[in-house]
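A closer look at the structure
The chain contents come next:
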Amino acid sequence: MLATAAGVRPQKLLTINRRRADQSQLGRMERFLNMKGVYTAKPAAKGTRVILVDDVLTTGATLLECARALRAGGAEVLGAAVLAYTPKNFQDTRR
């Protein structure tokens, strides 16, 4: 809905490999472990340039896993756009 509202036609380039626990009750590191290996890029991702879109950024665990899977599938991840973030939980996850 966010991409469409911005005038962009979204593409679903990821498949889910396995179930994951509900993130709402997990701590920062638990969220990263919970998301590890959840997604695989679809063959259509190869050679694409992607901007990830998410509604809320809490720790970045989901975006990081999506970016990992897309890069492994041959996509170039240019960045991410999010509607909101949770400042008390947000930490720089690039380190």
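What you see is a predicted model; the values in this text were computed from it and never measured.

1. Quick notes on the layout of surface pockets
Roughly 980 Å³ of volume is contained in the largest pocket. Considering the residues around the largest pocket, the lining is formed by 29 residues, among which P10, Q11, I51, L52 and V53 are closest to the centre. Mapped onto the lining of the largest pocket, the elements with two or more residues apiece are α1 (2-5), β1 (14-16), β3 (49-57), α3 (61-72) and β4 (76-85). The element that contributes the greatest number of residues to the lining of the largest pocket is β3, accounting for 7 residues. Considering only residue class, the lining of the largest pocket consists of 20 nonpolar, 4 polar and 5 charged.

2. Description of the nonpolar core
Formed by 18 residues in total, the largest nonpolar core has its most connected members in Y39, A45, V50, L52 and L70. Those residues in contact with A45, other than ones at most four positions away along the chain, are L13, L70, G73, G74 and A75.

3. Brief notes about a nonpolar patch on the surface
Together, L2, I51, V53, L78 and L83 line one region of the surface with nonpolar side chains, adding up to about 460 Å² of accessible area. Of all the secondary structure elements, the ones that give two or more residues to the nonpolar patch are β3 and β4. With respect to the element layout, V53 can be found in strand β3.

Conventions we followed
- Counting of residues starts from 1 at the beginning of each chain's written sequence and follows it residue by residue.
- Totals for whole chains, interfaces and linings use every residue, but because this is a predicted model, local features are given only for residues with pLDDT of at least 70 and side-chain atom pairs only at 80 or more, for both listing and counting.
- As a rule here, side-chain values cover all heavy atoms of the structure and leave hydrogens and water aside.
- As defined here, a cavity is a set of points on a 1 Å grid over the protein atoms alone where a 1.4 Å probe fits but cannot get out. A pocket is an open set with protein on both sides within 12 Å along at least five of seven lines, and residues line them when an atom is within 4 Å of a point.
- Grid points are joined across faces, edges and corners, and a volume is the space filled by probe spheres set on the points.
- Only DSSP runs of H or I with at least four residues qualify as helices, and only runs of E with at least two residues qualify as strands; both kinds are numbered from the N terminus onward.
- Each residue gets one label: Ala, Val, Leu, Ile, Met, Phe, Trp, Tyr, Cys and Pro are nonpolar, Asp, Glu, Lys and Arg are charged, and the others, such as Gly, are polar.
- Side-chain atoms within 4.5 Å link the members of a nonpolar core, which is a set of buried Ala, Val, Leu, Ile, Met, Phe, Trp, Tyr and Cys residues.
- Using a 1.4 Å probe on the protein chains alone, a residue whose accessible area is under 20% of its type maximum counts as buried, one over 50% counts as exposed, and one in between counts as partly exposed.
- Any two residues whose heavy atoms approach within 4.5 Å at even a single point are treated as in contact.
- Like-charged residues are merged into a patch within 9 Å and nonpolar side chains (Val, Leu, Ile, Met, Phe, Trp, Tyr) within 5 Å, provided each residue has over 30% relative accessible area and no salt bridge.
- Under the convention used here, a 1.4 Å probe and the Shrake-Rupley method define accessible areas, while residue burial counts only the protein chains that appear.
- Just to be clear on terms, a salt bridge is a Lys or Arg side-chain nitrogen sitting within 4 Å of an Asp or Glu carboxyl oxygen.

Limitation: the analysis is restricted to geometry and does not speak to function.
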